[in-house]
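Observations on the model geometry
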Number of protein chains: 2
Amino acid sequence: MEQRLQAYINDIQNLMDKTFDTFLDQKNIPDRLKESMLYSLKAGGKRLRPILVFASYEAYAKHPEKVLSTAAALEMIHTYSLIHDDLPAMDDDAYRRGKLTNHKMFDEATAILAGDALLTYSFELVASDVNLSSEEKATLLERLAKCSGPEGMVAGQVLDMEAENRESSLAELEEIHSLKTGELIRFAVFAGAYLGNASEAQINMLDQFAYKLGLLFQVQDDILDVIGESEKMGKAVGSDEGNMKSTFPKLLGIEGAVSKKRMYEKQAKALLQKADADQSYLLSLVDYFGNRDH
Amino acid sequence: MEQRLQAYINDIQNLMDKTFDTFLDQKNIPDRLKESMLYSLKAGGKRLRPILVFASYEAYAKHPEKVLSTAAALEMIHTYSLIHDDLPAMDDDAYRRGKLTNHKMFDEATAILAGDALLTYSFELVASDVNLSSEEKATLLERLAKCSGPEGMVAGQVLDMEAENRESSLAELEEIHSLKTGELIRFAVFAGAYLGNASEAQINMLDQFAYKLGLLFQVQDDILDVIGESEKMGKAVGSDEGNMKSTFPKLLGIEGAVSKKRMYEKQAKALLQKADADQSYLLSLVDYFGNRDH
């Protein structure tokens, strides 16, 4: 990977860890709850969504502190969704990224409440940011809630569960993933461009870019599940094999999935150019998303 | 109870049922998720929080449609907290208000996601309301998140769990309840007065009023748990007796709890006068809260 991008990514990853500590330390939260929230926030997440927020913002503007609360809020929502997803009633996972899941480290009740707390706090974070105008807050909060709620990420979660034990078509698979992971990726890219004062036309192009990037992300996830190395993923490889659940490699074969991925990459890059954002980190992030090994 | 108040309450209860249907019908939500959300939203809640939003608003202003989205959002947050609270990992309740709890009617995964969806959607509802200015949205959303998050309702939930199997002092008991139920009651009263353009001094007095009202609510809840009739409560009477958990009657005796209640009533009414709101429905709501039998 390009060295400059790696340094950029590392900076944001460090910034996020520090930010979570700072934000939560200021608050009067019961010890066990705070511990549980921080445990999952700092459990080695790749921070892909915050990175996208920053890269999208910096494609158009300077002073990235403007997007810090939005990036952190988005990662909190992503983290809450993983905590709830891992619960016994859902995917029943004991490990994630090689570490105990929240309910295994603490207990189920604490995990449920830590998820609820992260989700709720994410909205507070944006709503209380003194660097944002009221209009920016209202716009971001409406979109963030829509992307992560019953028409967005939660809908994807429900449809994904329903698809667990039956075969799905390629169109259904794309629909599930565009809701389950794609909506937050779209929000990340939108938020950065919007706060960076991109034009409406640029934002529209970037939104299409983000849609492709989300699918690219998921195809690579499915491919890694088949060919990835267990240690790198920190979960059982081939875990989607045990049930009927459709994946891109199952529907298209590994080679078909790889060529699908290449197509998304190409489309995403073309859209970046139309959004006047092909000189930004977003361009190399396309390859980063498509070539990641965990 | 005063006939006029009863009619007022009925109107708001009907309005809320209709509002939930209308709001959710407009949205593209997977069937089972929507069904699960509506099931708990329409499971016979008393709508105390929406009633407080409306009564607080109408103490200072006309055109109550201004607070509709806030009232609905608050009831959604209350409902999500009950759904998660009833889960096997938490209170493990099969019935609430005489009806099956959400996870018993559907399943645990659906109940977790319905709760998540209601919480998230509540923020969208306020953020997308065309009757509110951006500044009003930002103010309400920040406060709503703070009241229901890790420093507010969720904190109360955690502390309540921790207090389950040990005795607590009266001060600890008041702390737990002021977080677990009091914070949302305070938000209800704040939101109404704020949107009704009450003065800062009036809002401050009302906030103290709401704090007392929250405690009054909880004392009555504890009293009902001891002496209430099983059918009216729709749950097992004396369910707090099985564990060590402290309640007002346990700490003070029934008579002590009743006189505590009378004190809160008196204090609440005095504060209403100072807030110039003693000609409103809020005054009779104090008695309603203190004398309710379910």
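Everything below is about the structure printed above this text.
Before going into details, it helps to say that this report is about the structure given with it. (Residues numbered from 1 in each chain as written. Chains lettered and ligands numbered in written order. Predicted model: local features only at pLDDT ≥ 70, side-chain atom pairs only at ≥ 80, totals over all residues. Heavy atoms only, no water.)

So, about the overall build of chain A. Along its length, chain A carries 13 helices and two strands. Taken over C-alpha atoms, the radius of gyration comes to 18 Å for chain A, in line with the 19 Å a tight globule of 294 residues would show. Expressed as lengths along the three principal axes of its C-alpha atoms, the size of chain A is roughly 50 × 50 × 35 Å. A burial count over chain A gives 59% of its 294 residues as buried. (Helix = DSSP H or I, 4+ residues; strand = E, 2+ residues; numbered from the N terminus. Rg over C-alpha atoms; globule rule 2.2 N^0.38 Å. Buried < 20%, exposed > 50% of the residue type's maximum accessible area, 1.4 Å probe, protein only.)

Let us now look at the relation of the copies chain A and chain B. Expressed as a screw operation, the relation of chain A to chain B combines 0.0 Å of axial shift with a rotation of 180 degrees, fitting to an RMSD of 0.0 Å. The transformation just described matches what one would write down for a two-fold rotation axis. Measuring from the rotation axis to each C-alpha of chain A, the shortest distance belongs to Ser134(A), at 2.6 Å. When you check the interface residues of chain A against chain B, 100% turn up at the interface there too, and the contact is symmetric in its surfaces. (Least-squares fit on C-alpha atoms with pLDDT ≥ 70 in both. Contact = heavy atoms within 4.5 Å.)

In this section: the pattern of salt bridges. Under the criterion given, the structure shown has 38 salt bridges over all chains. Between Arg186(A) and Glu183(A) there is a salt bridge, with its nearest N and O atoms 3.1 Å apart. On the criterion of helical spacing, the pair formed by Arg186(A) and Glu183(A) is a turn pair, its members being three residues apart in helix 9 (residues 170-195). Judged by its relative accessible area of 13%, Glu183(A) falls in the buried class. Linking Glu124(B) and Lys27(B) is a salt bridge whose minimum nitrogen-to-oxygen distance equals 2.6 Å. (Salt bridge = Lys/Arg side-chain N within 4 Å of Asp/Glu carboxyl O.)

Now for the nonpolar core. Leu206(A), Phe209(A) and Phe209(B) are the most contacted members of the largest nonpolar core, which has 179 residues in total. Once residues within four sequence positions are removed from consideration, Leu206(A) is found in contact with Ser56(A), Tyr60(A), Val189(A), Ala193(A), Leu272(A), Ala275(A), Ala277(A) and Leu282(A). (Core = buried A, V, L, I, M, F, W, Y, C linked by side-chain atoms within 4.5 Å.)

For the rest of this paragraph, the subject is helix 9 (residues 170-195) of chain B. Residues and elements named next belong to chain B. The largest bend along helix 9 measures about 55 degrees and falls at Gly182. Where burial is concerned, most of helix 9 is hidden: 21 out of the 26 residues are buried. Once helix 9 finishes, Asn197 follows within two positions and takes phi at roughly 60 degrees, a positive value. (Bend = angle between axes of the 7 residues up to and from the residue.)

Once that is clear, we can look at helix 13 (residues 281-291) of chain B. All names here are of chain B. Buried residues dominate helix 13, accounting for eight of its eleven residues. Taken together, the buried positions of helix 13 are occupied by Tyr281, Leu282, Ser284, Leu285, Val286, Tyr288, Phe289 and Gly290. The inward-facing, buried residues of helix 13 abut helix 1 (3-25), helix 3 (48-58), helix 9, helix 10 (200-227) and helix 12 (248-274).

If you walk through the whole model with that rule in mind, you get nine aromatic pairs over all chains. Relative to Tyr281(A), the ring of Tyr8(A) lies with its centre 3.8 Å away and its plane at 15 degrees, an arrangement referred to as stacked. With Tyr8(A) in helix 1 (residues 3-25) and Tyr281(A) in helix 13 (residues 281-291), the pair connects residues that are 273 residues apart, well separated along the chain. Relative to Phe106(B), the ring of Tyr39(B) lies with its centre 5.7 Å away and its plane at 75 degrees, an arrangement referred to as edge-to-face. (Phe/Tyr/Trp six-rings, centres within 6.5 Å; stacked < 30°, edge-to-face > 60°.)

Here we come to the environment of Tyr211(A). Residues and elements named next belong to chain A. The residue Tyr211 is located in helix 10 (residues 200-227) in this model. By relative accessible area, Tyr211 is classed as partly exposed at 33%. As for Tyr211 and Val53, which are separated by 158 residues in sequence, their C-alpha atoms are 14 Å apart. Sequence-distant contacts of Tyr211, that is, excluding residues within four places in its chain, are made with Ser178 and Arg186.

As a further point, take the interface of chain A and chain B. Every contact between the two is made by 45 residues of chain A and, on the other side, 45 residues of chain B. Roughly 3,700 Å² is buried in total at the junction of chain A and chain B, and carbon and sulfur atoms are behind 75% of that figure. When the area that chain A buries against chain B is broken down by residue, the three leading residues are Leu113(A), Thr120(A) and Pro150(A), summing to 16%. The interface formed by chain A and chain B holds two salt bridges in total. A salt bridge links Lys27(A) to Glu151(B); the nearest nitrogen and oxygen atoms lie 2.9 Å apart. Secondary structure elements with two or more residues in the side of chain A that touches chain B: helix 2 (31-41), helix 4 (68-85), helix 6 (108-127), helix 7 (134-148) and helix 8 (153-162) of chain A. Counting residues per element, the side of chain A that touches chain B draws most heavily on helix 6 of chain A, which supplies 13 residues. Split into classes, the residues belonging to the side of chain A that touches chain B amount to 25 nonpolar, nine polar and eleven charged. (Buried area = accessible area lost by both parts, 1.4 Å probe. Nonpolar A, V, L, I, M, F, W, Y, C, P; charged D, E, K, R; others polar.)

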